[in-house]
Amino acid sequence: TPADQSAPAREVRLVARPHGWPEPSDFELATSELPELADGQVRVRNELISVDPYMRGRMNDTRSYVAPFELGRAMEGGAVGVVEESRAEGYAVGDHVLHQLGWREEAVVDAESARVVDTDAAPAPAYLGVLGMTGLTAYAGLVRVAQLREGDVVFVSGAAGAVGSVAGQVAKALGASRVIGSAGSQEKVDHLVDELGFDAAFNYKDGDVAAQLAEHAPDGIDVYFDNVGGDHLEAAIGALRQGGRIAICGAISSYNDTEPAPGPRNLARLIQVRGTMTGFLVPDHQDLAEEFAERAAGWLSSGQLSSRETVVDGIEHAVDAFLGLLRGDNTGKMLVRV
Ligand code: NDP
């Protein structure tokens, strides 16, 4: 009814730029009236919204590959929702769509920046996780950036998280001879080995990362998929074999730093081992999306790839979910059910 259409919807706004770790007071849950639909737009009721580490960077007032969030306005991010009203061809009421106006209950979305997803083919959370940007990040990082070869020994940090858990399993599926993961709790370590097929895993909070890596990869590693940076990166450089390759995906150990973190002390080792270290951003690898979707569907049905999500209920807890992600509360993709 028209009354429903103008009902205020809740959204999460950034109201102060965090210095160091974000505080709940940096955010505000507010209501806003949705504008009328224009041609080419759909009104979407969000069901699931994604919280991601890169959003921490958008909270700073610094130029990056994505613009900073604007103060006093709803934040943005991946979301899956249901079309409630459509003025766009190809979008019917009831369709599920993947779009970029997360952090809110309802959104008016330009259809050209959205995509209809088939929730019979795969559950909605998969489109924000294993079959979405997360999965493609893992795939592109391994295949294109790290040039993974059969028989490689692979180390993945942040291995129980969204990207890391896919990276480890995909490395196995592509013929890695041994996959080692690191994560921040014994429960996550058990999950990696018992459920995700990692050959070995360790809790980086239990002690020196380099020593633990050496224990689990006594002959060194060929590929390091880096989600963490810091001491993990230094340990991986120290373990790199001849021709080893490092894909720098993320550096979450430094995202809340207020001063630049020092780099690895052993960089010069890359010379002796003729190693490479390459940063990458998933939007540059969209051309691999179709290939990945096909292969991922196969791995999901064969059981070589499985995905788990950590789902927090309620838009009023979206900030808790984001802060929890930075602390490591999640196993697999962290999502908020609206
Ligand atoms: P995750 O699901 O991995 O969640 C973040 C995880 O980071 C937490 O669960 C926590 O797990 C771990 N963590 C937090 N602080 C530390 C720390 N100090 N040291 C080690 N681990 C820590 O998030 P995503 O999978 O979405 O992202 C993983 C990484 O990939 C991030 O660095 C992100 O920025 C990057 N990324 C990069 C992309 C690109 O295009 N280059 C695209 C997408 C993501 P634990 O309990 O193990 O500590």
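These figures come from a predicted structure and were not determined experimentally.

Engineer: Can you lay out the sheet that holds strand 4 (residues 73-74) for me, pointing to particular residues and giving the numbers?
Structural biologist: Here 3 strands make up an open sheet; going across it, the order is 2-1-4 and the pairing antiparallel. Unpaired on one side and paired on the other, strand 2 (27-32) and strand 4 mark the two borders of the sheet. The sheet contact formed by strand 1 (residues 9-14) and strand 4 spans 2 bridges and is antiparallel. Its bridge partner lying in strand 4, leucine 14 is registered against arginine 73.

Engineer: Run through the domain arrangement of the protein chain, naming residues and quoting values.
Structural biologist: Considered domain by domain, the protein chain is made up of domain 1 (2-129 + 307-337) and domain 2 (133-284). Distance from the C-alpha centre of domain 1 to the C-alpha centre of domain 2: 29 Å. On the domain 1 side of the interface with domain 2, the three residues burying the most area are Tyr65, Arg308 and Thr331, jointly 26% of the side's total. Put simply, domain 1 and domain 2 have 1 salt bridge between them. Between glutamate 195 and arginine 308 there is a salt bridge, with its nearest N and O atoms 3.8 Å apart. Counting across the interface, domain 1 meets domain 2 through 6 residue pairs in polar contact (both at pLDDT 80 or more). Looking at the side of domain 1 that touches domain 2 residue by residue, the classes come out as 7 nonpolar, 7 polar and 4 charged.

Calculation notes
Residues numbered from 1 in each chain as written. Predicted model: local features only at pLDDT ≥ 70, side-chain atom pairs only at ≥ 80, totals over all residues. Heavy atoms only, no water. Pairing = 2+ DSSP bridges. Helix = DSSP H or I, 4+ residues; strand = E, 2+ residues; numbered from the N terminus. Domains from an automatic or database assignment. Buried area = accessible area lost by both parts, 1.4 Å probe. Salt bridge = Lys/Arg side-chain N within 4 Å of Asp/Glu carboxyl O. Polar contact = N/O pair within 3.5 Å; in protein donor to acceptor, adjacent residues only side chain to side chain. Nonpolar A, V, L, I, M, F, W, Y, C, P; charged D, E, K, R; others polar.

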